[in-house]
Amino acid sequence: MEIFALGEGSYSVDATKKFIPFNPETDSKRDRPGSLFIHVNPFLIKTATDLIVLDAGLGYKDTRDELLLHQHIRNAGFDPDDVTLVLMSHLHYDHSGGLVVERNGQLEPSFPQAKHVIQRREFEFALSGASSSYHKEIFEALKDKADIDFVEDSGEYKPGIKYELSAGHSKFHQVFWIDIEGQKVFFGGDELPEPEQLIRKFVAKYDYDGNRAAGLRIQYGQKAAAEGYTCLFYHARATAIGTVSYRDEQFVVTPA
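Analysis parameters
Residues numbered from 1 in each chain as written. Predicted model: local features only at pLDDT ≥ 70, side-chain atom pairs only at ≥ 80, totals over all residues. Heavy atoms only, no water. Helix = DSSP H or I, 4+ residues; strand = E, 2+ residues; numbered from the N terminus. Expected span 1.5 Å × (residues − 1). Buried < 20%, exposed > 50% of the residue type's maximum accessible area, 1.4 Å probe, protein only. Arc of directions from axis to C-beta. Pairing = 2+ DSSP bridges. Core = buried A, V, L, I, M, F, W, Y, C linked by side-chain atoms within 4.5 Å. Contact = heavy atoms within 4.5 Å.

(A) Structural detail: helix α6 (residues 210–227). The terminal C-alpha atoms of α6, which comprises 18 residues, lie 26 Å apart, in line with the 26 Å expected from a rise of 1.5 Å per residue. Inspection of α6 places Gly 210, Ala 213, Ala 214, Leu 216, Arg 217, Tyr 220, Gly 221 and Ala 224 among the buried residues, and these make up the whole buried set. For α6, the arc enclosing every buried residue in end-on projection is 160°, short of the 170-degree limit, so these residues lie on one face. Residues of α6 that are exposed and point over 90 degrees away from its buried face: Asn 211 and Ala 226. Trailing α6 by a residue or two, Gly 228 shows a phi angle of about 75°, which is positive.

(B) View of the pairing of strand β2 (residues 9–13). The buried fraction of β2 amounts to 4 of the 5 residues, a majority that puts the element mostly inside the structure. Here β2 pairs with strand β4 (residues 36–40) via 5 bridges, running antiparallel. Bridge pairing in β4 links Val 13 to Leu 36. Bridge analysis of β2 against strand β3 (residues 19–21) gives 3 bridges, and the strand direction is antiparallel. Paired with Tyr 11 across the two strands is Pro 21, which belongs to β3.

(C) Local environment of the nonpolar core. Ranked by size, the top nonpolar core spans 68 residues in total, and within it Leu 54, Ile 73, Leu 91 and Ile 178 carry the most contacts. In terms of residues, this core owes the most to one element, strand β14 (residues 174–180), which gives 5 residues. The residues touching Ile 178, leaving out its near neighbours within four places in the chain, are Met 1, Ile 45, Leu 54, Leu 87, Gly 160, Ile 161, Gln 183, Lys 184, Val 185 and Tyr 229.

Everything listed is a geometric property; what it means functionally is a separate question.
Written as structure tokens, this is what we have:
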């Protein structure tokens, strides 16, 4: 198994829920009052049978009108058309924007050969347009053009890949436990987005159920430490791929 972080960079997001690129070396947080500052790290896993994308980033393009996500996959030594699975924790825009790409005025699936593993009720809510955290046009494009495997609640998608309905950050959020080729990987999406959230143990106001999400983070961290899972941190500033240890009720995250 090979694991790659496909970092899309740093962004600020304010009450309008617009994601604006933020360069810590040249930009000042003081100029963006009331903003959250986040880093975006989709992931790529190569196994003997699959090329897997875990969450799809914002879908921003480079100066050549190419998806940053596609270019990062090429830089890792693969072709975007070779992606066979896209595992989605949830569908907020900063995780789902890269599911589609604009070509000739139309939105097309970014991974046309892949099966997209999505919680059915998460997709239905995203498609309803009830929340500005979701961009409805993405899912309008996907529903007729992409190969979607809708899943319900928790289960095993295929040997070695389990999904678990977590329902902390969003009502139908899911996490993935992967155990393939002697390697174990946990992807917590926005239930465990940063190593710091294990270490500081706080309740986030932006979660659908903050207390539930905070409790799940501890459970996931303890399981990862006890069973030897490598953790993928989608919003990590520095350590996007790390291992977790737990001793005297304290977590330590080490870059993998």
